[in-house]
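Here's the letter readout for the chains.
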Amino acid sequence: MTNVDLTTGLDAARKQEIKEIICDILEIDEDEVTETSLFKEDHDADSLRAIEILAALERTQNVTIDQDDLARMVNLEGVYVVVAEAAKN
């Protein structure tokens, strides 16, 4: 049985894959980012990186994410929720 996060509905493997993608784009080590650390404030991400993250997630997670959802994608926790919602649509 897979370990599914009841808040987002994402399993641990999918969350790990999303984290790896984000860390690669932000050029940071995985141990530097937490679910609540802020991409912009804590990791110096700019709006171009946010667009890169959105595009990479759409491509790898087979979802369509509305650009309005970028405002909610400020940390891993927000990204998990947005990806989970997009996967349901």
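See the structure printed just above.
Residues numbered from 1 in each chain as written. Predicted model: local features only at pLDDT ≥ 70, side-chain atom pairs only at ≥ 80, totals over all residues. Heavy atoms only, no water.

Novice: Residues and numbers for the overall build of the chain, please.
Specialist: For the chain, the helix and strand inventory stands at four helices and zero strands. The order of α-helices and β-strands along the chain, N terminus first, is α-α-α-α. Referenced to the eigenvectors of the C-alpha coordinate spread, the extents of the chain come out at roughly 35 × 30 × 20 Å. Here the contacts in the chain between residues at least 6 apart in sequence split such that 46% fall between residues at least 24 apart. In the form shown here, the chain has an accessible surface area of approximately 5,500 Å², with 46% of it arising from carbon and sulfur atoms. Averaging the locations of the 8 positively and 22 negatively charged side chains of the chain gives two centres separated by 4 Å. (Helix = DSSP H or I, 4+ residues; strand = E, 2+ residues; numbered from the N terminus. Contact = heavy atoms within 4.5 Å. Areas by Shrake-Rupley, 256 points an atom, 1.4 Å probe, with all protein chains shown as cover. Lys, Arg positive; Asp, Glu negative; His and termini not counted. Charge placed at Lys NZ, Arg CZ, Asp CG, Glu CD.)

Novice: How would you sum up the packing of helix α1 (residues 12–26) against helix α3 (residues 47–61)? Please name residues and give values.
Specialist: The geometry of α1 relative to α3 is characterised by a closest axis approach of 10 Å and an angle of 145 degrees between their N-to-C directions. In this structure, α1 meets α3 at a crossing whose hand is right-handed. Every residue of α3 that contacts α1 at R14, E17, I18, I21, I22, I25 and L26 is listed here: R49, E52, I53, A56, L57, T60 and Q61. Residues belonging to the contact of α1 with α3 are distributed by class as follows: eight nonpolar, two polar and four charged. (Axes fitted to C-alpha atoms, helices over the stretch in contact; angles between N-to-C directions. Left-handed = near helix turned anticlockwise from the far one by under 90°. Nonpolar A, V, L, I, M, F, W, Y, C, P; charged D, E, K, R; others polar.)

Novice: Explain the packing of α1 against helix α4 (residues 76–88) residue by residue, including any values.
Specialist: In the contact formed by α1 and α4, the axes pass within 11 Å of each other and the chain directions differ by 120 degrees. It follows from the interaxial angle that α1 and α4 lie oblique. Between α1 and α4 the crossing geometry is right-handed. Along the contact surface, α1 presents R14, K15, I18, K19 and I22, while α4 presents L76, V79, Y80, V83 and A87. Split by residue class, the contact of α1 with α4 holds seven nonpolar, no polar and three charged. (Parallel < 35°, antiparallel > 145°, perpendicular 65-115°, else oblique.)

Novice: How would you explain the side chain of Q61 if you had to name every residue and give the values?
Specialist: Note that Q61 resides in helix α3. Among the polar contacts made by the side chain of Q61, one reaches the side chain of E17 at a distance of 3.4 Å. Reaching out from Q61, the side chain makes a polar contact with the side chain of T60 at a distance of 3.5 Å. The contacts of Q61, once residues within four sequence positions are left out, are R14, E17, I18, I21 and V83. (Polar contact = N/O pair within 3.5 Å; in protein donor to acceptor, adjacent residues only side chain to side chain.)

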